[in-house]
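Examining the three-dimensional arrangement
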Amino acid sequence: MKLVKAIVRPNRVDEVREALEKLGVPGMTVTEVRGHGRQKGHTAIYRGKEYNVTLLPKVEIEIVIPDNIVDSVIDAIVKAARTGEIGDGRVFVQHVEQSYKIRTGEREV
Amino acid sequence: MRVIPSTSAAPPVFPVPTAGGSSSAAALLAAARDRLVTAARAGRGGRAAQARYAAEFDDLVRVLAADAAASAAGASRVVVCALGGYGRRALCLHSDIDLVVVFGGAIGAAEERYVNALLQPLWDLGLTVGHHIRERSELDTADDGNPEFLLALCDLRLIAGDAALFDDVWAATERERRSAAPRRIEALLALGRERHTRFNDTLYHLEPDVKEAPGGLRDVNAIRLVRTLAREGSGGGWPDVSRVDEAEDFLLRVRVLLHELGGRDANILTHDYQEQVADALRSPGDDTHTRVEALMEEYYGHARTIAAALRATIAAGRPVASTPAVRPIGPDLAMSAEGVEFREPDVAASRPALWLDAFRVAVEHGRPLGDAALTVIAENVHRYPSSYFLDSDAGRQQVRALLYPAPGLAARLGEMIECGLLIAIFPEFGKIHGKVVRDFYHKYTVDEHTRLAVRSLESLWQPATASRARFGSILNELRAPEWLTLALLYHDVGKWQDGEHVEESLRLAKPMLARLGLAGEARHSIEFLIGHHLDMARVAFRTDVEDPDTVAKFAGSIASDEHLKLLCLMTLADVEAVGPGTLTPWKEDLLWRLYVDAYTHLTLSYADDLIQKDQAGREAALAQRPADIAEGELIRFLDGLPRRYLAVFDLDTIYGHVRLARGLGVGDVHTTLQKHDDVWELTVAALDQPYLFSDIAGVLAAFGMDIHRGQALTTPDGTALDVFQFTDAEHFLRQNAEAVGEINQVLDGVVAGAFDVSRLLGGRLRGAARRKRPVESRVLVSNEHSQKYTVVEIVAADAPGLLYRISRAMSDAGCEVDLVLISTEGNRAIDVVHITKDGRKLTEPERRGVADRLKRALQGES
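Because the structure is predicted, anything quoted here is derived from the model rather than measured.

1. What to know about the overall build of chain A
Helix and strand counts for chain A come out as two helices and six strands. Against the compact-globule benchmark of 13 Å for 109 residues, chain A has a radius of gyration of 17 Å, which places it well outside the compact range. Taking the principal axes of the C-alpha coordinates as reference, chain A spans close to 60 × 30 × 20 Å. The 109 residues of chain A split such that 24% are buried.

2. Quick look at the overall build of chain B
Assigned secondary structure in chain B consists of 37 helices and 15 strands. On the principal axes, the C-alpha backbone points of chain B span a range of 115 × 60 × 55 Å. Restricting to contacts in chain B with at least 6 residues of sequence separation, those with at least 24 account for 72%.

3. A look at the environment of Lys 837 of chain B
Residue and element names in this part refer to chain B. Within the element layout of this structure, Lys 837 appears in the loop between β15 (828–836) and α37 (844–858). On the neighbour-count criterion, Lys 837 (17 C-beta atoms within 10 Å) is partly exposed. Along the sequence, Lys 837 and Gly 814 sit 23 residues apart, while their C-alpha atoms lie 6.5 Å from each other. Setting aside anything within four residues of it in sequence, one finds Lys 837 in contact with Gly 814, Cys 815, Glu 816, Leu 842 and Glu 846.

4. Describing the environment of Ala 712 of chain B
When you line up the elements, Ala 712 of chain B lands in strand β10 (residues 705–714). Those residues within four positions of Ala 712 of chain B in sequence are excluded, and the remaining contacts are Phe 693, Ala 720, Asp 722, Val 817, Leu 819 and Val 820 of chain B.

5. Regarding helix α34 (residues 739–751) of chain B
Along an α-helix, residues three or four positions apart point the same way, because every turn accommodates 3.6 residues. All names here are of chain B. The terminal C-alpha atoms of α34, which comprises 13 residues, lie 18 Å apart, in line with the 18 Å expected from a rise of 1.5 Å per residue. For α34, the set of buried residues is Ile 743, Val 746, Leu 747, Val 750 and Val 751. In an axial view of α34, the angular spread of the buried residues amounts to 125°, which keeps them on one side of the axis. Gly 753 sits one or two positions beyond α34 and adopts a positive phi of about 85°.

6. What about the nonpolar core?
With 267 residues, the main nonpolar core has Val 80 and Leu 594 of chain B as its most contacted residues. The contact partners of Val 80 of chain B, leaving out residues within four places of it in the chain, are Val 61, Ala 65, Leu 99, Val 101, Leu 118, Ile 159, Ala 160 and Gly 161 of chain B. Counting 16 residues, the second largest nonpolar core, distinct from the first, contains Val 4, Ala 19, Ile 65 and Ala 81 of chain A.

7. Things to note about the interface of chain B and chain A
Counting residues at the interface gives 21 residues for chain B and 16 residues for chain A. Those elements that provide at least two residues to the side of chain B that touches chain A are α24 (535–542), α27 (585–604), β12 (778–782) and β13 (790–797) of chain B. The class makeup of the residues in the side of chain B that touches chain A is 10 nonpolar, three polar and eight charged.

8. A look at the packing of helix α13 (residues 352–365) of chain B against helix α16 (residues 393–402) of chain B
All names here are of chain B. Direction vectors running N to C along α13 and α16 enclose 25°, while the axes themselves pass 10 Å from each other. The pairing of α13 with α16 is recorded here as roughly parallel in orientation. For the pair α13 and α16, the sense of crossing is left-handed. In contact with Ala 353, Leu 356, Phe 359 and Arg 360 of α13, α16 contributes Gly 395, Gln 398, Val 399, Ala 401 and Leu 402.

9. Looking at the sheet that holds strand β4 (residues 157–161) of chain B
Residues and elements named next belong to chain B. Here four strands make up an open sheet; going across it, the order is β3-β2-β1-β4 and the pairing mixed. The two strands at the open ends of the sheet, each matched to only one other strand, are β3 (129–135) and β4. Adjacent strand axes in the sheet meet at a mean angle of 25° when their direction is disregarded. As paired elements, strand β2 (residues 97–103) and β3 share seven bridges and run parallel to each other.

10. Observations concerning the sheet that holds β10 of chain B
Residue and element names in this part refer to chain B. Spatial strand order, β8-β9-β11-β10-β14-β15-β13-β12: eight strands in an open sheet with antiparallel pairing. Each end of this open sheet is capped by a strand with a single partner; those strands are β8 (670–676) and β12. Adjacent strand axes in the sheet meet at a mean angle of 15°, parallel and antiparallel pairs treated alike. Note that strand β14 (residues 816–825) and β15 share nine bridges and pair antiparallel. Along β15, the bridge assignment pairs Glu 825 with Arg 828.

11. Topic: the domain arrangement of chain B
Residues and elements named next belong to chain B. According to the domain assignment, chain B consists of domain 1 (23–179), domain 2 (186–318) and domain 3 (661–858). On a C-alpha basis, the centres of domain 1 and domain 2 stand 25 Å from each other. Counting residues at the interface gives 19 residues for domain 1 and 20 residues for domain 2. Elements supplying a minimum of two residues to the side of domain 1 that touches domain 2: α1 (23–41), α2 (47–71) and α5 (147–152). A per-element tally of the side of domain 1 that touches domain 2 places α1 first, with four residues. For the side of domain 1 that touches domain 2, a count of residues per class yields nine nonpolar, six polar and four charged.

12. Some thoughts on the packing of helix α28 (residues 616–623) of chain B against helix α29 (residues 631–638) of chain B
All names here are of chain B. Where α28 meets α29, the closest approach of the two axes is 10 Å, and the angle between their N-to-C directions is 150°. Viewed along their axes, α28 and α29 adopt a mutual orientation that is roughly antiparallel. At the point where α28 passes α29, the crossing takes the right-handed sense. Each of Arg 618, Ala 621 and Leu 622 in α28 lies in contact with α29, whose residues at this interface are Glu 631, Leu 634 and Leu 638. Partitioned by chemical class, the residues of the contact of α28 with α29 number four nonpolar, no polar and two charged.

13. Remarks on unusual backbone geometry
Residues and elements named next belong to chain B. Look at Arg 89: it is not a glycine, yet its phi comes out positive at around 70°. On the secondary structure map, Arg 89 appears in the loop between α3 (84–87) and β2. In this structure, His 731 is a non-glycine residue whose phi angle is positive, near 60°. Among the residues examined, His 731 registers 11 C-beta atoms within 10 Å and is labelled exposed.

14. Things to note about the environment of Val 679 of chain B
Residues and elements named next belong to chain B. Locating Val 679 in the fold gives a position in strand β9 (residues 679–687). Its 15 C-beta neighbours within 10 Å are what place Val 679 among the partly exposed residues. Placed 75 residues apart in sequence, Val 679 and Leu 604 show a C-alpha to C-alpha distance of 26 Å. Non-local contacts of Val 679, meaning those with residues more than four positions away in its chain, are made with Gln 725 and Thr 727.

15. A look at the pairing of β15 of chain B
Residues and elements named next belong to chain B. For β15, the tally of buried residues reaches seven of nine residues, placing the bulk of the element in the interior. Pairing geometry for β13 and β15, over eight bridges, is antiparallel. The partner of Ala 797 across the bridge, within β15, is Arg 828. Taking the residues that link successive antiparallel strands as the turn, the β14-β15 hairpin has two residues, and the phi of Gly 826 there is positive, at about 60°.

16. Points about the confidence of the model for chain B
Model confidence for chain B is summarised by a mean pLDDT of 89, while 94% of its residues fall at 70 or above. The ipTM value of the predicted complex is 0.81, and its pTM value is 0.81.

Rules of the game
- Residues numbered from 1 in each chain as written.
- Chains lettered and ligands numbered in written order.
- Predicted model: local features only at pLDDT ≥ 70, side-chain atom pairs only at ≥ 80, totals over all residues.
- Helix = DSSP H or I, 4+ residues; strand = E, 2+ residues; numbered from the N terminus.
- Rg over C-alpha atoms; globule rule 2.2 N^0.38 Å.
- Buried ≥ 20, exposed ≤ 12 C-beta atoms within 10 Å, placed from the backbone.
- Contact = placed C-beta atoms within 7 Å.
- Expected span 1.5 Å × (residues − 1).
- Arc of directions from axis to C-beta.
- Core = buried A, V, L, I, M, F, W, Y, C linked by C-beta atoms within 7 Å.
- Nonpolar A, V, L, I, M, F, W, Y, C, P; charged D, E, K, R; others polar.
- Axes fitted to C-alpha atoms, helices over the stretch in contact; angles between N-to-C directions.
- Parallel < 35°, antiparallel > 145°, perpendicular 65-115°, else oblique.
- Left-handed = near helix turned anticlockwise from the far one by under 90°.
- Pairing = 2+ DSSP bridges.
- Domains from an automatic or database assignment.
- pLDDT = per-residue confidence, 0-100.

Dropping the structure here:
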């Protein structure tokens, strides 16, 4: 199993979710986060004063998937989240040793 | 109300059943539960059924206590008592079993054997046992750090053990209770407040917790406890809370069904359970949907009864010394412990204007309306049709003033809903009273969501966080915050029907706006807010706000910064009122960013966005033009102006501007002066010339006018159109019949060069220069925001003649003042001026020069 963690633009979440549903990924965890990478932030002027927004709102999507669909999932996320501009986000993949359902205590294979 | 005594003064002595062994416990429990489940499914699982279940559970505990006694030879005298809900015999199917075991002597090995023998079988049955083990002597010293236990002791009830020891235990708890009653009441009320806060202080949850939520079973117990604890020293007679028994029985019947359906201690009446509970309780209706609506209507009715009884009980339970005396407020109203009351209720019954006045006073004093006053209104409001309240200017003004979102307004609106007054005035709102709309997000009924949105809005006056303070600063800038309240009241009334609600809300709002006598900008703004109340959240949370085109498109749909401010606050309040945690700091940031970027677009970049031939507003203006305005005349006037012109002004005003601009010659000044409530509006048309704008601003300042907002435009053919909104701080217009003529005469003279404005202003400017300025001044002179203009933004402490000084400084630098936006936020002036020099943007040295001149002007230097 793999844990796929994608940091995407807030307005691309629906597209990513739809793409994952088409691949049969049943559920996901979505978290509102802030951060920046190469997209350093945003300068705005309000009331004659400049201010910098250094941490930009992003959405973190986490899914746990079988090893055999990792490539297609990553491909789907990248296509759905991409605008081509700096700030489109990142995808991380980690190995998952074990997974359990809390309600039943059942170990997932 | 029939109050069940918390404890009996002479506790009965129960016979201890013959020890039958813990093997029989499971059978006893199963049989008792079966009987309670049967009653619950028949809709009869209320107080009587739960009391029977508690009695049967007592038998089980007695069996175990007997077994425990047999296995713990040598243990000291002991009593096993029920506490809390079990003590009150309100024992639900999967409730915790709260017990206290008190030993007459020290706790040693034998006593520990007793406790183990008593509790282990209960645990083995899968029960959750809240147990307290005490030596008798410990009860003489109360543990104030455990208020829940001390309050639970109020429901102490003997189940098994030594009757004489129980008498002693009872006497000790009674002594402690009497001596510490005020502290216990305070602890009880603090726990209640904390609990209510967790539920956002509302009882109108779509999926209510029948035990913990406001108006739930814990509040019933709080009523009972206050009456028990405050028997001595209370402020007066207890209110009649006779309907609380019925409400409690209903909640108990619902709760036992939830326990049965959930198979656990479940107390939330979820959407899924509502259907099954409605069927079990025989809620009326031909289909599931109707039955659920009836169930929830009944639930809210009982919850209201309990909440009102709790308020009245708390007020009556105050110690005499702390009960505020009734004091008159004016000839008709008085302030009592419960809040604002009518001094003569019989007279007030036929004076609806006094009802509104009572609510106004209640908001001003931050107090509720008293129950007696609410009762007077509730019993008489049906005698007056909705038209009655708004059939005069005074009535309309009274209602509009009441809707100013001052702190406490939302709470008063809740009272106005409960007593029927709000729905009498706004019958369209009645369509969503108690309306349940199931969706994934909303947590409250539609009317309560609306009220909570107003509460969110009013909280911006005292923002809890720095993040929220940003939005509070917008509220300070609004010309008429009550428009937001009105828009919020009607934004979701269209939800009375299934399907799309925005258009229906707008349709229902139109007659209300007419009844309130709102026209022009007010009507335009409120209709805009209702019709677009979903737009900003959609753009902020579901589109790419980093994309300048997205911002430009959004700003284009808003078109004026005043509308943007209103919509931003409406969005904030609307989202926050959906449910706890819906408006996260993350969403606040997105909303704020969109606001700032759109605001920048609307104020600094709007000049490049000109009226287009295919623009809907232009076509409407042409189609609806009156007979005296030719199409060509209107086109010549409109084309070349910024798009925002069509959004800011309604059509009648635009046609007025066209007429005002007719026949202008060099030196001519055409003006109109109108009053809207307390605000005057001067519109000036003249052929543009150097210093024109600063001259007009200077004349107004010379007459003591305080300019709050306005704008100046220049048409491509050189006609300047300046609109100023101001207040007559020195009452010059009110006190002088010839004032309007005098102002016009001076304007003519100044524009023609016959009068020197600086001389007229002299004293005022010197006075302003001497004043301290608590606001940091900022000047931005930039070429980045507009393709055609250099944009100047000035933030400074508002002062007499400020606009004159800064616009003159720009004219002194040889600049043409092409477009101006004037606004104020409290004591800050925020002015945006688009300038050119010789028809082009300023060079960098010229921008520095203008900035320096402006800084000197702000410091009062000429």
